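Here's the letter readout for the chains.
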Amino acid sequence: MRFRHPDGSTVHLAYCTNVHPAETLDGVLAQLRDHCEPVRRRLGRDRLGIGLWLAKDAAHALVTDPSALRGLRCELDRRGLEVVTLNGFPYEGFGAEEVKYRVYTPDWADPERLEHTTSLARVLAGLLPDDVTDGSISTLPLAWRTACDERRAQTARTALRTLAERLDALQELTGRSIRVALEPEPGCVVETTRDAIAPLTAIAHDRVGICVDTCHLATSFEDPHTALDDLARAGVTVVKSQLSAALHAEQPHLPEVREALAAFAEPRFLHQTRTSTAAGLRGTDDLDEALSGDALPDAGPWRAHFHVPLHAAPAAPLTSTLPVLKSVLTRLVGGPHPLTRHLEVETYTWQALPPELRPRGRTQLADGIAAELTLARDLLTDLGLKELP
């Protein structure tokens, strides 16, 4: 979906396809048919943006076979879909029964991450619509915190500089400008937007910026205005933003609140949980750890890294951090000029919701994704952006 900002520029809105597990190119093509096109039809749009997730094997197939890349581009066009951004965070196995810590490997100190992201950039340059010259790729924020010492951190920074040089060369070759965005996430070396400033200024290349995920920002109790002001002062570019909402529990000391939270403690994804105290941010790596004993202080609200559907807040006594998303979006695109032009709804946890909240089949999933995009569209038009055909 495209929107015209009051300054005349185009802002793109997509939804991320990591909600649809697929490890191969055939699986990606099936996603377009079974999920993405039905979502587009529900929205009554001739064109729908998707933030494509390409696992290692799918990306390799596309970058080594020009005819396969042309075939994917034709299939996107045929189904009324377009791609300006990729989710390059998960490498493989995101649809596995248990993902947890594995989503953070390989990290930026491992050569596989550089090669995979280079492949993604080459693929994206070939998928961009004819009238679009700028693409973006979100990626993991260097590494999980326990897997990174100073030597590995330096290796990671060097790899990102190498990637930036490759992206420069790619633009010279194709005329397409691709940028990569570190995505701060709780528990990682770069957990917050503030954590991103030092490595990004050290890399010092305009091809490498930040992806502001509004669920992650809220989980870490970051103030949206402070976070974006700090990035602006440091000269860090917001390459893209993922529109998502975290799980919020206002009174985690109450038994009924803990019972409600326990329904979201599931075995597939990691749900880092945080609370803000007078001594600073406290946290656990997962929600079940927070719920066991006194691992996390419960005098103040808890937030968990669980991407809940934007349009459907959890039932009381829980809620979501949708207000944080709205504040971030207002700052990003509500001013005289957009701070980013790539927005991506990223709710990949539909099938990890408590059983009674999960969509039953493709039809209900498509309905839910369309409802999320409708909410995002309404937020953008309320900020003065005009939806384009």
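Look up: the structure comes first, before these words.
The following refers to the structure shown. (Residues numbered from 1 in each chain as written. Predicted model: local features only at pLDDT ≥ 70, side-chain atom pairs only at ≥ 80, totals over all residues. Heavy atoms only, no water.)

The terminal C-alpha atoms of helix α12 (residues 362–382) lie 30 Å apart, and with 21 residues this matches the ideal 30 Å at 1.5 Å per residue to within 8%. Turning to α12, its buried residues number three or more, namely Leu365, Ala366, Gly368, Ile369, Ala370, Glu372, Leu373, Leu375, Ala376, Arg377, Leu379 and Leu380. Downstream of α12 by one or two residues, Gly384 has phi in the positive range, about 100°. (Helix = DSSP H or I, 4+ residues; strand = E, 2+ residues; numbered from the N terminus. Expected span 1.5 Å × (residues − 1). Buried < 20%, exposed > 50% of the residue type's maximum accessible area, 1.4 Å probe, protein only.)

Further remarks concern the nonpolar core. Judged by nonpolar contacts, the single largest core of 119 residues is most densely connected at Leu13, Tyr15, Val39, Ile50, Leu52, Leu54 and Leu373. Top contributing element to this core by residue count: α12, with nine residues. Sequence-distant contacts of Val39, defined by excluding residues within four places in its chain, comprise Tyr15, Leu48, Ala366, Ile369, Ala370 and Leu373. (Core = buried A, V, L, I, M, F, W, Y, C linked by side-chain atoms within 4.5 Å. Contact = heavy atoms within 4.5 Å.)

We now examine the packing of helix α8 (residues 224–234) against helix α11 (residues 322–333). Two elements in contact, α8 and α11, have axes separated by 9 Å at closest approach and are oriented at 35°. Relative to α11, α8 is oriented so that their crossing is right-handed. Mapping the contact onto sequence places Pro224, His225, Leu228 and Asp229 in α8 and Val324, Ser327, Val328, Arg331 and Leu332 in α11. Of the residues in the contact of α8 with α11, the class split is five nonpolar, two polar and two charged. (Axes fitted to C-alpha atoms, helices over the stretch in contact; angles between N-to-C directions. Left-handed = near helix turned anticlockwise from the far one by under 90°. Nonpolar A, V, L, I, M, F, W, Y, C, P; charged D, E, K, R; others polar.)

Take the state of the cysteines next. Evaluation of the coordinates by the stated rule reveals zero disulfides. Here Cys148 is not cross-linked by a disulfide; its sulfur's nearest cysteine counterpart is in Cys188, at 10 Å. Just so you know, Cys215 is unpaired, no disulfide at all, and the nearest cysteine sulfur is the one on Cys211, 12 Å from it. Judged by its relative accessible area of 0%, Cys215 falls in the buried class. (Disulfide = S-S within 2.5 Å.)

Position of His35 among the secondary structure elements: in helix α1 (residues 25–43). What makes His35 buried here is its relative accessible area of 16%.

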